[in-house]
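Each chain is listed here by its residues.
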Amino acid sequence: MLEALLAGLFNGLIYAAVAVGLALIWGITDVINFAHGEFLMLAMYAAYWLYTLGHVDPTMSAPLVAVLLAFVGFLTYALIIKRLQDGPPMTVILATFGLSLVLRQVAFIAFTPDYRTLPDTWLSGSVSMAGISMGRPSVVTGLIALVMVIALFVLVYRTRWGHALQAVAEDRQVAALVGIPPDRINAQVWMLGSAAVGLAGALLTTFFYVFPSVGTVFALLAFVAVCMGGFGSLAGAVIAGLLIGVIEAMTGYFVAPALKTVSIYVLFILVLWYRPRGLFGRW
Amino acid sequence: MKKNILAGVLASLAMAATLPAHAADKVIRIGAIYPLTGSSASTGQELKEAIDLAVDLINNPHADAGLAGIPMAQGKGLPNLGGAKLQVVYEDSQGKPEVGLADAQRLIDQEHVVALTGAYQSGVTKTASRIAEQRGIPYLNAESSSPDLTERGYKWFFRTTPNDETFIENMMQFLDTVKSVPTTKIAVVYENTDFGVNTYKAVEKFAKKYHRQIVANIAYSANSPSVTAEVQKLSSAKPDVAIFASYVSDAMLFVRTMREAKYAPPVLLANDAGFIDTRFIQEMGPQVQGVLTRDVWATDVTGAKPALKAINDLFKAKYGKELNGNNARSLEGILVLADAINRAGSTDPQAIRKALIATNLNANQVVMPWAGVKFDANGQNSEGSGLILQMDGPGYKTVWPTSYRTDAALPKLPFAWK
Amino acid sequence: MTTQTSVSRKTRHLPVLWAAVIAVLLGLLPFVVKDSFTLQVLLLAIMFGALGASWNLVGGFLGRVSFGHGVFIGSGAYTTLLLLHYANVSPLIGIPLGGLISALLAWVVGGPTLRLSGHYFAMATIALLQIGLLLFTNWDWAGGATGLEAPIRDASWMLLFRTKVPYYRIAVLLAFLTFCATYFLVHSRVGFYWRAVNGDEAAARSLGVPADRYKMLAFVISAGLTGMWGGFFAMYVGFIDPDSLFNLTTSVQIVLVAILGGVGTLIGPWLGAAVLLPLSEGLRVMMGSSGAGMDLLVFGLAILLVTLFLPGGLITLRRRRRGTSGR
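Each residue is numbered by its place in its chain's sequence as written, counting from 1. Here the convention is simple: chains get letters from A, ligands get numbers from 1, in the order in which they are written. Only residues with pLDDT of 70 or above have their local features reported here, since the model is predicted, and side-chain atom pairs are shown and tallied only from 80 upward, although totals for entire chains, interfaces and linings are computed over all residues. Just so you know, side-chain values use all the structure's heavy atoms and leave hydrogens and water out.

Helix and strand definitions follow DSSP, with helices as H or I runs of at least four residues and strands as E runs of at least two, each counted in order from the N terminus. Scanning chain B for helices and strands turns up 12 helices and 14 strands. Projecting the C-alpha coordinates of chain B onto the three principal axes gives extents of approximately 65 × 65 × 40 Å. The buried label goes to any residue with under 20% of its type's maximum accessible area, the exposed label to any with over 50%, and the partly exposed label to all in between, with areas taken from a 1.4 Å probe on protein chains only. Of all 418 residues assigned to chain B, the portion counted as buried reaches 65%. Computed with a 1.4 Å probe, the accessible areas rest on the Shrake-Rupley method; for each residue, only the protein chains presented here act as cover. Split by element, the accessible area of chain B, about 13400 Å² in all, is 54% carbon and sulfur.

The next thing to look at is the overall build of chain C. Within chain C, the secondary structure is distributed over 14 helices and two strands. With the radius of gyration taken over C-alpha atoms, the globule rule is written as 2.2 Å times the number of residues to the power 0.38. Taking 2.2 N^0.38 as the reference for a compact globule, 327 residues should give roughly 20 Å; the C-alpha atoms of chain C span a radius of gyration of 20 Å, in line with that estimate. Principal-axis analysis of the C-alpha atoms places the extent of chain C at approximately 55 × 45 × 45 Å. When the 327 residues of chain C are sorted by exposure, 61% land in the buried category.

Looking now at unusual backbone geometry. Among all residues except glycine, the phi angle is most often negative; among peptide bonds, the trans geometry is most common. A cis amide bond links B:Trp400 with the next residue in sequence, B:Pro401, at an omega value of 0°. Position of B:Pro401 among the secondary structure elements: in the segment after strand 14 (395–400). With omega at -5°, the peptide bond leading from B:Leu410 into B:Pro411 counts as cis. Mapped onto the elements, B:Pro411 comes out in the segment after strand 14. One non-glycine residue, C:Asn88, adopts positive backbone phi at about 55°. The class for C:Asn88 is partly exposed, based on a relative accessible area of 47%.

Looking now at the sheet that holds strand 7 (residues 213–220) of chain B. Residues and elements named next belong to chain B. Taken in spatial order, the seven strands of this open sheet run 7-6-8-9-10-13-14, and their pairing is mixed. Among the strands making up the open sheet, the edge pair consists of strand 7 and strand 14. Neighbour-to-neighbour, the strand axes of this sheet turn through a mean angle of 25°, independent of strand direction. Only when DSSP finds a minimum of two bridges between them are two strands counted as paired. Of the strand pairs in this sheet, strand 6 (residues 185–191) and strand 8 (residues 241–245) are connected by five bridges, and their pairing is parallel. Across the sheet, Ile186 pairs through a bridge with Val241, a residue of strand 8. In this description, contact between two residues means that some pair of their heavy atoms is separated by no more than 4.5 Å. Only the contacting stretch of a helix is used when fitting its axis, a line to C-alpha atoms as for every element, and angles between N-to-C directions run 0 to 180 degrees. Sheet contacts for helix 6 (residues 194–209): strand 6, strand 7 and strand 8; angle to strand 6, the most-contacted strand, approximately 165°.

A separate point is the domain arrangement of chain B. Interface size is commonly expressed as the accessible surface area that is lost when the partners come together. All names here are of chain B. In terms of domains, chain B is made up of domain 1 (2–162 + 304–373) and domain 2 (165–295 + 387–404). Every contact between the two is made by 20 residues of domain 1 and, on the other side, 15 residues of domain 2. Buried area: the accessible surface (1.4 Å probe) lost by two parts on joining, summed over both. When the two sides are added together, the surface that domain 1 and domain 2 hide from each other amounts to roughly 1300 Å², 51% of it contributed by carbon and sulfur. Ranking the residues of domain 1 by area buried against domain 2 places Pro147, Pro162 and Pro369 at the top, with a combined share of 28%. Salt bridge, as used here: a side-chain nitrogen of Lys or Arg that lies within 4 Å of a carboxyl oxygen of Asp or Glu. Linking domain 1 with domain 2 are two salt bridges. Between Asp272 and Arg329 there is a salt bridge, with its nearest N and O atoms 3.7 Å apart. Under the rule applied, a polar contact is a pair of N or O atoms within 3.5 Å (in protein, one hydrogen donor and one hydrogen acceptor; residues adjacent in sequence only if both atoms are side-chain atoms). Here domain 1 is connected to domain 2 by seven residue pairs in polar contact (both at pLDDT 80 or more). Elements with a contribution of two residues or more to the side of domain 1 that touches domain 2: helix 2 (41–59), helix 4 (122–135) and helix 11 (325–344). Note that the domain bounds were set by an automatic or database domain assignment.

All names here are of chain B. The five strands are arranged 2-1-3-4-5 in an open sheet whose pairing can be described as parallel. This sheet does not close on itself; its edge strands, each paired only once, are strand 2 (85–92) and strand 5 (157–159). The sheet shows a mean angle of 25° between the axes of neighbouring strands, direction not considered. Inspection of the sheet shows strand 4 (residues 139–141) paired to strand 5 by three bridges, in the parallel sense.

Further remarks concern the packing of aromatic side chains. For Phe, Tyr and Trp, rings pair up if their centres lie within 6.5 Å, where Trp contributes its six-membered ring, and each pair is then called stacked (planes under 30 degrees apart), edge-to-face (over 60) or tilted (otherwise). Under the definition given, this model contains 45 aromatic pairs over all chains. Seen in terms of ring centroids, A:Phe208 and A:Phe218 are 5.0 Å apart; in terms of plane orientation they differ by 70°. Their pairing is edge-to-face. Of this pair, A:Phe208 sits in the loop between helix 8 (182–204) and helix 9 (214–229) while A:Phe218 sits in helix 9; the two residues are 10 residues apart in sequence, bridging distant segments of the chain. Between C:Tyr78 and C:Phe136 the ring centres are 4.2 Å apart and the planes differ by 25°, which places this aromatic pair in the stacked class. Placement of the pair is C:Tyr78 in helix 3 (residues 70–87) and C:Phe136 in helix 5 (residues 118–137), with a sequence separation of 58 residues. What makes C:Tyr78 buried here is its relative accessible area of 1%. Look at C:Phe136 and you get buried, because its relative accessible area is 14%. A connected cluster of aromatic rings, assembled from ring pairs, spans A:Trp26, A:Phe34, A:Phe97, A:Phe223, A:Phe231, C:Phe67 and C:Tyr120. To sit over a ring, a charge needs its Lys NZ or Arg CZ within 6 Å of the ring centre and within 35 degrees of the ring normal. For the cation-ring pair, B:Arg353 lies above B:Trp156, with the distance from its terminal atom to the ring centre recorded as 5.4 Å. Of note, C:Lys164 hangs over the ring of C:Tyr236, and the distance from its end group to the ring centre comes to 5.0 Å.

What helix 6 (residues 160–170) of chain A keeps buried is the set A:Gly162, A:Ala164, A:Leu165, A:Gln166, A:Val168 and A:Ala169. In this structure, the buried residues of helix 6 of chain A make contact with helix 1 (2–29), helix 5 (136–158), helix 7 (172–177) and helix 8 of chain A.

Listed below in structure tokens is the structure:
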């Protein structure tokens, strides 16, 4: 029982880490980034190559990868999103979908479809918690993810800049009227959100395999977490991520592993039934 | 506006339809449907490599005494058809059954192939072979192990590889020879797809027959972000033997998760697939010393017959790696198909089909460690069998049947993490 | 989205006439075009056009984007094949029944989901799709992960043919019916209410529009049509399994087709499918066999380019040509 709970919590932290970047972008700029999973994939490849070619451990290269992804996020915003965000909302969705295909295929062509792992990083090995052995990479990644989430929290809710973000999220035009430049804020949010998923991706390589479609493995759960937590709420996305991890682990252990994913979606529908705006959604 | 639409549609169609259609004269064409993109792309491309080698051996002369007894491998083309060359036309299935269907149609109608082969994944094989059956074109399947493929009552479907029933029975026979650890309680961990479910059903069937019991039935969704729940369930069931049916990605994840959870089943026995993938062996090999797997090929069986060594050396010379159980079978499949077409002496599908039915190759005429190739009434080769290998050192070594075993110290049990 | 007010009665239903003409022409095509690949591409284009048009009722006219419409394809397909497999019921009955079951499913899940706003609704539909996928994967009686196969026979009343041409003709017929259904719905009071709810639900309600009932109607009809196509697809491919039916990529492709062509228009989805399907199939055949994945890359780039330069969808090409007239 405890085993399942612990495993679920740490899995949940990782889902939350991937989701929080998406929550930022979706919540503040109101754009569903279908390419979010591919951002994760790019981050993972970056960390993989930095390790394989440059012998930099992912824990060290994570900040660098975050910066790299921030750049990718900025480019995506400047070249694609900015042009489309004032038009029909579905066009943006379509564009990010096209982008995700392009990124995935570029990775396929450039890196081949082979599955790659990093067998020996600083984090490799097990840790013992309450007599239960768990993988050190996932535990440490989970903890770092927690720190990152708290840092983002402070940033968005306790700083002036964060207040500007929230203002833009509430109403772009009014925010512009009081002197907050919505375009610049949007770009910054994209950079921040992408950096978050970049950090998560780099750390993920310490225990998960990399291949061109690895984004699809995590992306869907990230979307569910953000939605279940409620749009506009960072805390919601994180708590939802944790919930998903725990429910998944518990169902898998006590009921049947084949049904563990169904329980996530059933939980999701139930949450939406009783709270149509997610757990903590603001709009 | 309607004109615009019509123009657009026609333009797109024109582009789609301006694809080369050759006249088949001195070239005999067969179609090959494989997952060249998608999640099984790395395997699909390995299969293509082996098939390309087979075609090369058939068409181009080479001096290799080892292959002397193998029909069609002398580089003379297809002698009974005037030395015509064999050409394989590939189509990417993307791993999807409906794409396989489209590929089969296209290959038959536009590329005018005389036979089809493929498609690795059972679901794709089902739809592609269905088209072949409807059109009366011979279909030779060399790698799909799902038993129900030869239980459909098809007349045009032939399969050289043994299916999961044979393989699981081989596993049971191997377990019977293990005396150092108990082997009665079995747990099956399998992905919830055609491949995994068939593995489980076969284990269910043969466990009973061989007096073993299944203590855990763990189905999981392929490519999950985490398998900790599955591993926990497995360890709490305390099985003697854990049988795995997983592809590369999940195999890697399971190995990692079990290792980190410090859980090692006393006998870790895989049903091929991910565990014999070159990449898996490369990346995870050092960590899974002692893992057992069912396979159809191992590098050390090359010592048993000269043909096996010859074919492996040729493959290694061309691609820099050894053959594995997947692509060795693809290679053999092409040779069998070419042999049948040759014996038919024509490109008439009925003739090829009759020739396939009459196939009777003995142990020295195949490049596989089998007793030969002979199709039963369902189109299933009844002379094939599997091997049980164990990871020892940089690769797998044969453990069973003992006639192929080169290292008498194997198997080393119980399994434990190094 | 034009309302024909000042057009004479004779040409009031012109689009339906045009659709009938196109349908007849397409139906006669196999006499001229024997190439099965082209027919397959046409069939897929027609099917996705119809799926897009059905989706459009909810996604375009009502304004609720659903990414999980594949769940209705699945329910329709399984109903049809299960009835055939276990009760020897002809798909001539099975396909409409599949549509009915899908409509029923929509009615059951519509209650809790339709009161969700945009993004939440979209995600809820994805959740439904995933639940459908996982349920059918674990349901052995329905074939489980191994799937179900239709027998190979020559039985026209069972819709079991040995060639694909009859299926193609059935597709053309079904497509025409789908188009008529969408046309008459949209041009009726139902369609009017849908557009009102799409524009501003609160305002519509305050004006007395029974929003809930009409939202449900859109959802149910859309699901029913989609379900019928699911049944058809099952007979056409002859083999179904949960992975290929409850497929997120297929669901997204339906949305793609509608958005690309022009969401919220009657012709948009057909246009989008007419371009998208030949493009993706043609690319796959031309470049896919090398395994380099170039075909999907070009496909993705094409989508990106269209969105960047034609944000309203392909249908806006017409408006551009006309200059400043029209919206």
